[in-house]
Amino acid sequence: MRLSQIAPGAFFGPLLLGVLAFGAPAMADPTPAIVNASASADVFAAPDVAMITAGVVTDGATAAAAMAANSKQMNSIMDGLKKSGIPAKNIQTSGLNLNPVYNYNNNEAPTLKGYQASNSVSVRTDNISKVGSTIDAVVAAGANQINGVNFSIKDQDSKLDGARAEAAKKAKAKAENLAAALGMKLGRLVSISEGGGYSPPMPMPMMNMAKADSAPVSPGEMQINASVTVTYELTN
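Residues numbered from 1 in each chain as written. Predicted model: local features only at pLDDT ≥ 70, side-chain atom pairs only at ≥ 80, totals over all residues. Heavy atoms only, no water.

**Brief notes about the side chain of Thr-53**
Working step 1: Within the secondary structure layout, Thr-53 lies in strand E2 (residues 49-60).
Working step 2: What Thr-53 contacts, discounting residues up to four positions off in sequence, is Ser-94, Val-121, Ser-122, Ile-146, Asn-147 and Gly-148. (Helix = DSSP H or I, 4+ residues; strand = E, 2+ residues; numbered from the N terminus. Contact = heavy atoms within 4.5 Å.)

Shown next as structure tokens:
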């Protein structure tokens, strides 16, 4: 009986071709081109809340005397605020201090002159038209310091929503413009992020007021800003 000879590699050749045909990894899709665009929008609104900070500073030969004089004037201020229609929940003590006061002479050790007491209160009013009259009331009741007026908006979130929506529209329009300039179109939205806030009017300092006519107060407008950044895939 004659045995047939098998050529070297006869079995391995088809096996190798099978590996090449079925075991080769598929080519990955190319990473799509993307475009980033950012835009911002502003909304302006009149404030509808005011926070007034007022206080009393008194001096005395002793700590007790300084505090007693201060308490008397502050109680008068509290009563005046309540009589003017400010509810107790809108009145809050914001600072209370008692400090020694010294005389300083050249080449001599400081000597105790007395004591100074200070007490400040924050008053919230939802009626902007009454800010001036409220300041008048606290000064008439004994306040000798007005430390400022801060304005805010109750429903700030809804105003910010409007600015955010406008910024998103502008960011998308900018992305479309960039894509069109390259002969392409916007595809899938990849990401979106936001930032922003509001810029309140600066406090108006009115220090050391002994007496005043009706205090002129201008609340102005508050600027609410939103910024949005979008990322889109580009398609042909």
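**What about the confidence of the model for the chain?**
Working step 1: On average, residues of the chain carry a pLDDT of 83, and 80% of them reach 70 or more.
Working step 2: Confidence drops under pLDDT 50 across residues 15-24; counting only partners more than four residues distant or on other chains, this segment forms two contacts.
Working step 3: Of the regions scoring below 50 in pLDDT, residues 202-212 engages in 26 contacts with residues more than four places distant in sequence or in other chains. (pLDDT = per-residue confidence, 0-100.)

**Section: a nonpolar patch on the surface**
Working step 1: On the surface, a nonpolar cluster with roughly 360 Å² of combined accessible area is contributed by Tyr-102, Tyr-104 and Leu-112.
Working step 2: Its place among the elements puts Leu-112 in strand E4 (residues 111-125). (Patch = residues over 30% accessible without salt bridge, like charges linked within 9 Å, V, L, I, M, F, W, Y side chains within 5 Å. Areas by Shrake-Rupley, 256 points an atom, 1.4 Å probe, with all protein chains shown as cover. Salt bridge = Lys/Arg side-chain N within 4 Å of Asp/Glu carboxyl O.)

**What to know about the pattern of salt bridges**
Working step 1: Tallied over the entire structure, the rule returns four salt bridges.
Working step 2: Residue Arg-164 is joined to Asp-161 by a salt bridge in which the shortest nitrogen-to-oxygen separation is 2.5 Å. Of this pair, Arg-164 and Asp-161 both sit in helix H4 (residues 156-181), three residues apart, which is roughly one turn of the helix.
Working step 3: Each of Asp-161, Arg-164 and Glu-194 takes part in salt bridges that share partners, so that together they form one network.

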